[in-house]
Amino acid sequence: MHYSFFSLLQNALTGHRGWTPTWRDAEPKGAYDVIIIGAGGHGLATAYYLAKEHGIRNVAVLEKGWLGSGNIGRNTTIIRSNYLLPGNIVFYEWSMKLWERLEQDFNYNAMVSQRGVLNLYHSDGQRDVYARRGNAMRLHGVDADLLDRDQVRAMLPFLNFDDARFPIHGGLLQKRGGTARHDAVAWGYARGASDRGVDIVQNCEVTGFVIENGRITGVETTRGKILAKKVGLSVAGNSSRVAALAGMRLPIESHVIQAFVSEGVKPLIPNVITFGAGHFYISQSDKGGLVFGGDLDGYKSYAQRGNLPTVRDVCEGGVALMPMIGRVRILRNWGGIMDMSADGSPIIDKTPVEGLYLNAGWNYGGFKAVPAAGWCFAHLNARDEPHSAAAAFRLDRFARGAVLDEKGQGPQPNLH
Amino acid sequence: MSKPMRLSNGGLLDRRREITFTFDGKPYAGHPGDTLASALMANGVNLVGRSFKYHRPRGIFTAGPEEPNALVTLRNGSRREPNTKATTVELFDRLVATSQNCWPSPRLDVLSVNQLFAPLFVGGFYYKTFMWPASFWEKVYEPAIRRAAGLGMVSRLPDPDHYEHATAYCDVLVVGSGPAGLSAALAAARTGARVIICEEDFRLGGRLLSEPHEIDSMPAIDWVARVEAELTSLPEVRIFRRTSVFGVYDGGTYGALERVSDHLPQPGLHQPRQRLWQIVARRTINAMGAIERPIVFGGNDKPGVILASALRTYVNRFATAPGRKIAFFVTSDDGWLTAQDVLKAGLPIEIVVDARAHVADALTRPLSRAGVRVLLDAVVSDAHGRPGLKHIEVRKDDKILQFEVDVLAVSNGYNPQVGLTTHLGGKPVWSEECGAFVPGELPPGMQSIGAAAGDFALAACLRAGMQAGRTLASDLGFASAPAAVPRADDEPCAVSPVWYVEHRGKAFVDQQNDVTAKDVAIANREGFRAVEHLKRYTTLGMATEQGKTSSVTGQALMAHLTGRTMHQAGTTRFRPPHVPVAIGAFAGPHVGKHFKATRYCAGHDWALENGATMIEAGQWLRPRWFTKPGETDWFESVTREVKTVRAAVGICDVSSLGKIEIHGRDAGAFLDRVYVNMFSTLPVGKARYGLMLREDGIVLDDGTTARLGPEQYVMSTTTGNAGKVMQHLEFCHQVLWPELDVAMASVTEQWTQYAVAGPKSRKVLETLLGDRFDVSNEAFPFLACAEFFWGDVPVRLYRISFSGELAYEIAVPANYGDSLIRALMRAGAEFGAVPYGSEALGVLRIEKGHVSVPELNGQTTAADLGLGKMLSKKKDFIGRVLAERPALTDPDRPSLVGFKPVDPGQRLRSGAHFLAIEAAATAENDEGYMTSVTYSPHAGCWVGLGLLKHGAARIGEYVRAYDPVREGDVEVEVVSPIFVDPEGKWLHE
Amino acid sequence: MRIPCPFCGPRDVSEFVTLGEATGPRPDPAAPDAAEKFFAYAYLRSNPAGPSEEHWYHALGCRSWLKVVRDTRTHEIESAALAREGAR
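These numbers come from a predicted model, not from an experiment.

Quick notes on the rules
Residues numbered from 1 in each chain as written. Chains lettered and ligands numbered in written order. Predicted model: local features only at pLDDT ≥ 70, side-chain atom pairs only at ≥ 80, totals over all residues. Helix = DSSP H or I, 4+ residues; strand = E, 2+ residues; numbered from the N terminus. Buried ≥ 20, exposed ≤ 12 C-beta atoms within 10 Å, placed from the backbone. Contact = placed C-beta atoms within 7 Å. Rg over C-alpha atoms; globule rule 2.2 N^0.38 Å. Pairing = 2+ DSSP bridges. Axes fitted to C-alpha atoms, helices over the stretch in contact; angles between N-to-C directions. Nonpolar A, V, L, I, M, F, W, Y, C, P; charged D, E, K, R; others polar. Core = buried A, V, L, I, M, F, W, Y, C linked by C-beta atoms within 7 Å. Domains from an automatic or database assignment. Parallel < 35°, antiparallel > 145°, perpendicular 65-115°, else oblique. Left-handed = near helix turned anticlockwise from the far one by under 90°.

A. View of the overall build of chain A. Helix and strand content of chain A: eleven helices and 18 strands. Here the C-alpha coordinates of chain A stretch approximately 65 × 65 × 40 Å along the principal axes. Buried positions account for 70% of the 416 residues belonging to chain A. Considering only contacts in chain A between residues 6 or more positions apart, those separated by 24 or more positions represent 75%.

Here you go:
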């Protein structure tokens, strides 16, 4: 069914009885050309592009819980391509381009809102680091503006300019950055994939791989064995657990990051703002809630929840940066499990098992990557070679030393 | 002041005192003991605001934090608090509240035209439209949606109040002070255990404040007073009133919010607004009670429709009611008890409708005897009236009957408060017996009792409380004889919930988010059937009460539509905080200037006296430059400081650099393993520049380490890395090589250290030290170090140089730091010594080509920085093996060189990228970037350091320093990174 | 989360920093396959969903490095010992 104002009007006149399921809740078949494990943003986007761009429609997406129950449903919805290192910029900019035409492409309003992402800086040194990044972006044809203190103040007069421990000196702005409605991204891709014949199978957990002579031939699941010529792993947060079923150890630790939403209030925060002297970033959703977060809790976790010290740390940063939010109340606070990779950058690559592909290591940046990760992972699955935009995301880069370490933290996953 | 809806007697109010307040600008009065909601109700105000999406009139639906409708903006100015539940606000004098989401008033709300478009605004409508034309989303549609969304408005002024953080420890934490909580606290406390009892209300008692029970043959509130008195008398008991336990965390840690002064016009002097408690409890009793459930029928959101238990509270505790023509729609015995109370209070009841065919005579008789019409096996299908309730339609045997009423109390059984039990991942389970979700797996150490566990009857609550309190305390080793369980009746509490009634009007599941039964049906049709999908698609349960009155009902509707049981449908996971908590309370006192600790050098005051402008260096404050009288800008001051150092002598506070003492027989061997170069061979009395790698072969930090004795070294680190290096060294020792005899301690704050740099630095030190220490070149050559005493004061002297000049660093214990700088300046006066700050320090080190923070960025190898030769081939060290990986030894990696503008008048900027002269500005042509720049008085132009592809081989070439974010594009010459004294002669003079 | 420091007793998690999974012992740098071993040591993790051995540092306490066995599904701590005692 094509969605539009007219379809809405038509349904309104008939008591909304004509709507059909957004995606088919499929039963698994015995065999597929491709199985994607994980019906999160990445998995669904991969299936969508496999069907749409590569004509591969005999595809199943297997999900252990409900569709979109992973990080696509619990992130802070930021999209941006303001990276420093070439391997990253190319990829995230491709993602940004896909975001910019996403709704028209899959006919679902994911509310992509390019309201701007501003990273504040608080010292000359930090300014120069941001300048290096902004210039790298510009060399890649990505928009970047370096603002001084007065420009930031004109834009966001409510920030703490007068009583700050670390005064704001300016910011790096990417105007094309912004937010999108996270759940809708999953649903839009699910709908687009399902309409093209992809089977989305919920409540179907993969419990093992069927590997014969070094080649994948299928998966074992809680709903039986399913054969496949190719299998793609798209289970960020749980990559290590699933990869271990195929005998692999990854350069990844699973960590919890907490996110927060406040009560709905009238428009207050016009764009996405990142504090440069503490762990805090914030935006406001279309519903009016302030959506914010900060640093990892710091310890490995699969529990989807965090602890009080990090909550306090994030809120300290928030009030230090914008004292007006002190009386705004937090409504909900949850945790998501991140694949924290050893260099803070992702992996989209083949694995030592033939026909088994890996899409992992998204750290806390997986949401903005959804379109391009789907695009590039579909390309890898379909063509058996990396897409040019993801050429740097190889699994062997750690052994070669060709790491993509944006923050310069080294192989300690919880510091990225 | 007249309060038309205040009952003439009863209630837990102090009727002798009157409190005045305003709502939407109109003055009203209430009494101490009122909430804002009860006071509004007493004044006949039942229309409190408008709903979120359809702008429907809304009133007071509950009497607690589960309130979905009566949201107001409390206070004004910088203390404005939007979305405040009137049911939770303790009335205070001169309280100011305003309605939300309506203009000009709740009665005449312009946006109520939205109701006309309601057929379009169904759940999820926005996902299907607003896509054409693409450019309209951000320009037209989204701004309109954003303006319409949100509830109240936040003040844009800084929050003037402050918040405290505190930690408490106890053996038994009791959450809730109803009958179960109080008896549990009492039983635990009598064993001598440390007990904390938290009650979110301002009075202890819970439902006993609202229900006229007898306990131990006395009125329940007297029993509460007696228990409260006994608890207060016990030394190990703490009673936290106005305190909500909002979160369960690992290790028996609970988050609780104490509203210290929210019941006052404003906090007293030095009083926090709120205090955030971290309570560490060995055992916890969850006695949070239960929340009554609504029923979904047409117009169930009209002002005047109210939960029966809430009506009971308003009548019994607050002596008020929202109207005078009252109807009941119940499916539970409890609803009948409320009706009896209402009758006792002298309020007229028109009708009691029960969906059940059979109800005990004992419940119905008192009402029918009083002439109240009783209809069993009947339902209320629709409520009508604008803005408030005027009449209801009752369906009995397919006949529709109409009744004129202005209050409809709804009772559909209770949902135990399971929120806290799910914070660590426990899943509530459906109990057919209770007709409700009850706690599943509990957090370690927690027990749920009473209504919170689905045990609703009073006597059962008291029994459970006494038992749990004693058992948990005895688990911890506190024993006592069993005490008598307080005597009370087990009142009837049967229920056969009815979630949904066939209706004609709009029927709400989530009143605050305007989610209707129809929206749930659409979600079903579109496949959003999983509880989380239902929630996310319709926004059901995501409002400020987090689904306390709506989630279970919505899940029940969906279960019905999909033919699943409640057990199969399950429930969504509740997340902390259990009640909304202000960001400021979580933030606590560490905001504004106190966001992070400020670390001052001992010479701070002296620096300020001498015209210093300070700058943050991590947590430290350091002098950035010293302004002399007559100087008008920083550039002038810094240039003077640099020139003075190069020509005479300057003095700089370098105390913030990390200093680590490393002692032990194996100290040298240990340093050999953590540094790339050798330290065990360093003679006593000598210092050496050292470079440290991370295990991945990337540079971690650098600094000078001096050997003061055979088994004593002092390491220096960069300011920013001091903590990180200390942690790293401890790791290397304790985890990797515990067999080494070495111990270390950070002494950064214990020593004040000044650099004395410039050709006349020796003269200054000679003057300062006199014959106490020989600083001649022969006795104390370059890289010498020594420790000696000046009187009782130890002095450490190093002949090291960051500036490239003949230079020393002198250190004394920090409490002599102020004296040291004053003495140094006195000694230096005759040689023209000036203090210099971090800017001049930066200029000097760039001129000398020393790397610093911008080059040690966690992405560079030793070879990148031109320090590859330092890597010892004779030994292993941290990072050696992985530094040899191919991509880290790739000759194409950018390496450190110097830069000068071809046109000496042009300025350089760090962060510029290098391009070949004719190359297009594209990523493929990117050849590196500028790391550090300065105006060099020595070179007479700007100079820079940077990392350039094949840098060392390109000396003399011209490249572009391309800086589009600052509109810079400067042609630069590649030069040696050392701009002064390339042979290093000055150091040795 | 509270960590039972063998030296200081149970303390709040905010006093500690963690390095993550304990991947040691540090390989022999002289071994012929040192490059491969060091790569695995520095980069690869088992990352189990269940009990996991980790290094924690009592930064705001006694500065001891601890070897902590902690369940990553529940955050429950099974044991905490001084790393220096169980090292190698």
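B. Just the overall build of chain B, in detail. Summing up its helical and strand segments, chain B has 22 helices and 51 strands in all. In terms of overall dimensions, chain B is more spread out than a globule: its C-alpha atoms have a radius of gyration of 38 Å, far above the 30 Å expected for 989 residues. Here chain B holds 989 residues, and 59% of them are scored as buried. Sequence separation of 24 or more characterises 68% of the internal contacts of chain B that already satisfy a separation of 6 or more.

C. A look at unusual backbone geometry. All names here are of chain B. Geometrically, the link from W103 to P104 is a cis peptide bond, its omega value of 5 degrees lying close to zero. As for its placement among the helices and strands, P104 is situated in the loop between β7 (95–99) and α2 (136–148). The omega torsion across W132 and P133 is -15 degrees, close enough to zero to call that bond cis. Summarising the element assignment, P133 is placed in the loop between β7 and α2. In this model, H270 sits at a positive phi of 65 degrees, which is unusual for a non-glycine residue. Within the element layout of this structure, H270 appears in the loop between β14 (253–258) and β15 (274–286). Exposure remark for H270: the 6 C-beta atoms within 10 Å place this residue in the exposed category.

D. Structural detail: the sheet that holds strand β32 (residues 599–600) of chain B. Residue and element names in this part refer to chain B. Judged by pairing direction, the sheet is mixed, and its three strands sit side by side in the order β32-β34-β33 without closing on themselves. Of all the strands in the sheet, the pair left with one neighbour each is β32 and β33 (612–617). Packing against the sheet, helix α20 (residues 838–848) makes contact with β33 and β34 (620–626), and its axis sits at approximately 75 degrees to β34.

E. Expanded view of the interface of chain B and chain C. Contact residues are listed per partner, giving 16 residues for chain B and 21 residues for chain C. Of all the secondary structure elements, the ones that give two or more residues to the side of chain B that touches chain C are α17 (722–736) and α21 (880–883) of chain B. Residue contributions to the side of chain B that touches chain C peak at six residues, all from α17 of chain B. Looking at the side of chain B that touches chain C residue by residue, the class counts come to six nonpolar, four polar and six charged.

F. Focus on the pairing of strand β46 (residues 894–901) of chain B. Residues and elements named next belong to chain B. Pairing analysis gives six bridges linking β46 to strand β49 (residues 941–949), with the strands arranged antiparallel. Each residue of the ladder has a partner; that of P894, found in β49, is K949. In the sheet, β46 pairs with strand β51 (residues 968–975) via four bridges, with the strands oriented antiparallel. If you follow K900 over to β51, its bridge partner there is E973.

G. How the structure looks around helix α9 (residues 517–525) of chain B. Considered for burial, the residues of α9 of chain B that qualify are A517, D519, V520, I522 and A523 of chain B. Turning to α9 of chain B, the residues buried within the fold contact β29 (508–510), β30 (515–516), α10 (531–538) and α11 (551–562) of chain B.

H. Summary view of the sheet that holds strand β5 (residues 65–71) of chain C. With antiparallel pairing, four strands are arranged side by side in an open sheet as β3-β4-β5-β6 (chain C). Two strands close off the open sheet at either side, each with one partner strand: β3 (17–21) and β6 (77–82) of chain C. Across the sheet, the mean angle from the axis of one strand to that of its neighbour is 25 degrees, orientation sign disregarded. Along the sheet, α17 of chain B contacts β3, β4 (51–57) and β5 of chain C; its crossing angle with β5 of chain C, the most-contacted strand, is approximately 85 degrees.

I. View of the environment of R463 of chain B. All names here are of chain B. With respect to the element layout, R463 can be found in helix α8 (residues 458–475). Of the residues examined, R463 has 21 C-beta atoms within 10 Å and is grouped as buried. R463 sits 187 residues away from G650 along the chain, and the two C-alpha atoms are 80 Å apart.

J. Structural view of the nonpolar core. Judged by nonpolar contacts, the single largest core of 465 residues is most densely connected at I35 of chain A together with V172, V195, L408 and V756 of chain B. Among the elements that make up this core, the one with the highest residue count is helix α10 (residues 366–383) of chain A (ten residues). Residue-level mapping places this core at the junction of two domains, with at least three residues from each of domain 1 (21–78 + 182–251 + 343–415) and domain 2 (111–178 + 253–341) of chain A.

K. Representation of the interface of chain B and chain A. At the interface, 94 residues of chain B touch 86 residues of chain A. Contributing elements (two or more residues each) for the side of chain B that touches chain A: β6 (81–85), α2, β14, α9, α10, β31 (581–582), α13 (583–587) and β50 (958–963) of chain B. Ranked by residues supplied to the side of chain B that touches chain A, first place goes to α2 of chain B with five residues. Counted by class, the side of chain B that touches chain A contains 44 nonpolar, 25 polar and 25 charged residues. Both strand β16 (residues 329–341) of chain A and β31 of chain B contribute to a ladder of two bridges, which runs antiparallel. From the neighbouring strand, I330 of chain A faces β31 of chain B, where its bridge partner is V581 of chain B.

L. Local environment of the domain arrangement of chain A. Residues and elements named next belong to chain A. Under the domain assignment used here, chain A contains domain 1 (21–78 + 182–251 + 343–415) and domain 2 (111–178 + 253–341). Just the C-alpha atoms count here: the centres of domain 1 and domain 2 sit 28 Å apart. Opposite the 24 residues of domain 1 that make contact, domain 2 presents 21 residues. Partitioning the side of domain 1 that touches domain 2 into residue classes produces ten nonpolar, twelve polar and two charged.

M. How the structure looks around the packing of helix α6 (residues 333–344) of chain B against helix α7 (residues 361–369) of chain B. Residues and elements named next belong to chain B. With their axes 10 Å apart at the nearest point, α6 and α7 run at an angle of 30 degrees to one another. With respect to α7, the axis of α6 lies roughly parallel. Helix-helix and strand crossings are classified by hand; for α6 and α7 the assignment is left-handed. Here D333, W336, A339, Q340 and L343 of α6 lie close against α7, whose contacting residues are L363, T364, P366 and L367. Residue classes in the contact of α6 with α7 are distributed as six nonpolar, two polar and one charged.

N. Spatial organisation of the packing of α9 of chain B against α11 of chain B. All names here are of chain B. Following both chains from N to C, one finds α9 and α11 inclined at 50 degrees, their axes separated by 10 Å at the closest point. Relative to α11, α9 is oriented oblique. At the point where α9 passes α11, the crossing takes the right-handed sense. The residues of α11 that touch α9, namely those facing A517, V520, A521 and N524, are G554, L557, M558, L561 and T562. In terms of residue class, the contact of α9 with α11 is built from six nonpolar, three polar and no charged.

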